[in-house]
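Coordinates in review
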Amino acid sequence: MRYVSTRGAAPSLGFTDVLLRGLADDGGLYVPDRRPTQDLAGLDSGASYVDVAVRVMWPYVAGTIDRDAFEAIVTEAYATFRDPAVVPLRDLGDGHWLAELFHGPTLAFKDVALQLVGRLFDHELTRRGERATIVVATSGDTGSAAIEGCRGRSSLDIVVLHPHGRVSDVQRRQMTTVDEPNVHNIAVEGTFDDCQALVKALFADHAFRDRVGLSAMNSINWARVMAQIVYYVTAQRTLGGPAAFSVPTGNFGNILAGWFARTTGTPIPQLVMGSNSNDILTRWAATGVMETTGVHPTISPSMDIQVSSNVERLLYELYERDGRAVADAMATFADSGRLDVGVDRMAQMAEVFDAAAFDDDATRAEIRRTHDATGVLIDPHTAVGLAAARRCRRDPGLPMVTLATAHPAKFPDAVEAATGVRPPLPDFLDDLLERNERFDVLANDLEAVRAHILTHSNVGA
Ligand SMILES: *Cc1c(COP(=O)(O)O)cnc(C)c1O
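Here we summarise the structure given alongside this text.

1. What to know about the environment of Leu156
Note on placement: Leu156 falls in strand β6 (residues 156-163). Leu156 sits 26 residues away from Glu130 along the chain, and the two C-alpha atoms are 9.2 Å apart. In this structure Leu156 touches Gly118, Phe121, Leu125, Arg131, Ala132, Ile134, Cys150, Asn182 and Met217, once residues within four positions along its chain are discounted.

2. A short note on helix α18 (residues 446-456)
Among the residues of α18, Val449, Arg450, His452 and Ile453 are the ones counted as buried. For α18, the angular spread of the buried residues around the axis is 160 degrees, confining them to a single face. Buried residues along α18 sit against β5 (132-137), β6, β7 (183-189), α7 (192-204), α8 (206-212) and β15 (440-443).

3. Notes on the site of the ligand
Close to the ligand lie 14 residues; Lys110, Gly250, Asn251, Asn254 and Thr405 are nearest. Here an oxygen atom of the ligand and a backbone polar atom of Gly250 are 2.8 Å apart. The contact in question runs from a nitrogen atom of the ligand to an N or O atom on the side chain of Thr405, over 2.8 Å. Protein chains bury 96% of the 390 Å² of accessible surface belonging to the ligand in isolation.

4. Brief notes about the packing of helix α2 (residues 49-61) against helix α3 (residues 67-79)
Where α2 contacts α3, the two axes come as close as 10 Å, and the packing angle between them is 135 degrees. Between α2 and α3, the crossing angle belongs to the class labelled oblique. In terms of crossing hand, the pair formed by α2 and α3 is right-handed. Of α3, the residues touching α2 (which contributes Tyr49, Val50, Ala53, Val54, Arg55, Met57, Trp58 and Val61) are Arg67, Phe70, Glu71, Val74, Thr75 and Tyr78. For the contact of α2 with α3, a count of residues per class yields ten nonpolar, one polar and three charged.

5. Looking at helix α12 (residues 311-318)
For α12, a buried count of eight out of eight residues is recorded, marking the element as mostly surrounded by other parts of the structure. For α12, every residue scored as buried is listed here: Val311, Glu312, Arg313, Leu314, Leu315, Tyr316, Glu317 and Leu318. Directly after α12, the chain includes Glu320, whose backbone phi takes a positive value near 50 degrees.

6. Topic: the sheet that holds β7
As summarised here, the arrangement of the five strands in space is β8-β5-β6-β7-β15, forming an open sheet in which the pairing is parallel. Among the strands making up the open sheet, the edge pair consists of β8 (214-215) and β15. With two bridges joining them, β5 and β8 adopt parallel strand pairing. Bridged to Thr133 within β8 is Leu214. The sheet contacts of helix α6 (residues 169-176) involve β6 and β7, and relative to β6 the element is tilted by about 160 degrees. Against the sheet, α7 engages β5, β6, β7 and β8, with an angle of about 150 degrees to β5.

Calculation criteria
Residues numbered from 1 in each chain as written. Predicted model: local features only at pLDDT ≥ 70, side-chain atom pairs only at ≥ 80, totals over all residues. Heavy atoms only, no water. Helix = DSSP H or I, 4+ residues; strand = E, 2+ residues; numbered from the N terminus. Contact = heavy atoms within 4.5 Å. Buried < 20%, exposed > 50% of the residue type's maximum accessible area, 1.4 Å probe, protein only. Arc of directions from axis to C-beta. Near = heavy atom within 4 Å. Polar contact = N/O pair within 3.5 Å; in protein donor to acceptor, adjacent residues only side chain to side chain. Areas by Shrake-Rupley, 256 points an atom, 1.4 Å probe, with all protein chains shown as cover. Axes fitted to C-alpha atoms, helices over the stretch in contact; angles between N-to-C directions. Parallel < 35°, antiparallel > 145°, perpendicular 65-115°, else oblique. Left-handed = near helix turned anticlockwise from the far one by under 90°. Nonpolar A, V, L, I, M, F, W, Y, C, P; charged D, E, K, R; others polar. Pairing = 2+ DSSP bridges.

What follows is the structure, given as structure tokens:
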């Protein structure tokens, strides 16, 4: 399997190069050059998550990683999950189900991909005799999942920039109490946007980038999408027949994985995108025009996104794999903040996708309704997905699976405001508020951050 850029002007690469590279040189995203057919023959209904995961992902990595090594990595990655099913299903009644993606170390669905991707990075870098420094800017959630994916891996340093005093205690502590020499937390005296600007500037400094082996694990990395295909397959297999899915959507990575599951043979007749007030995707689905507005802060902050970068991978399909046409479309969108995708392409999309958006009041109402009807507490992201599932469901005869992307205890204030019940942290995080913290406060200053990384990462030493 080779990977090609959605913009058609970068060299094709194998899996491990795509893994380490992230973005293609022409600014595009890497996609598989052909559609493998899932081979699940011989797996019975009792097959474990890891068994299915290895079978589903193998065609994407074959030829670049040894099969036994790959199986060991997948096994280890999902042994960190606290539920034996890894991604268990919960029955909500009336054919609605939750697929709980939050049983990993940081209580959110990013763990499913990053537990695997951190290990894949380490394996490949070690094989090459290289090291890398992963740099991440976070407003709270992604940072801890990336740290947990990289902690203790000998070929990696991870540096996470968060805005000083602007993330919740629990979020900060999930990052700063990880006691590993390769984990470096920087609290920047500034905003999340300042953190992002610093990371961008670090990557733009090519001499520095090469010196410390700067790398990213962001949501455009193909390996993250690949890891997310698996739970669509396991959920559908557990339910036995065709199943629809509803996904609280931000960067479009999660739902894109559902689309890949479908196109490689999993019977998924419908995919529903749920948005919060940042509803660019919902407006796009309704009008065929993708148009940016400002970002609105909501109670589902991991979906407060203006431009969903993984949409480019779907556009590549809708533009019939014509990289030049995608490059033109993305240039138009970047210049004008507006892209008209056209009636025919949207008709193709509407065969599978539906979309609905919900503001914070509607999100709280869904949390309350679900709690009243079932006793189950859901987080605000999951609530957006479930509300969209209820509104857009096409066939009440088919199971509808909403992806539960965060543990309710990760967003206790919103859940308590909606239900009056404060969800407790799981036992293994009982002492989170007593653990020792380790982080450095730095000015919002590129030179200070650069110097700090050089003195603290092993690469700089
Ligand atoms: C990242 C995230 C999302 C959005 O997922 P995308 O792949 O960016 O669409 C939804 N919910 C939670 C809790 C997240 O952390």
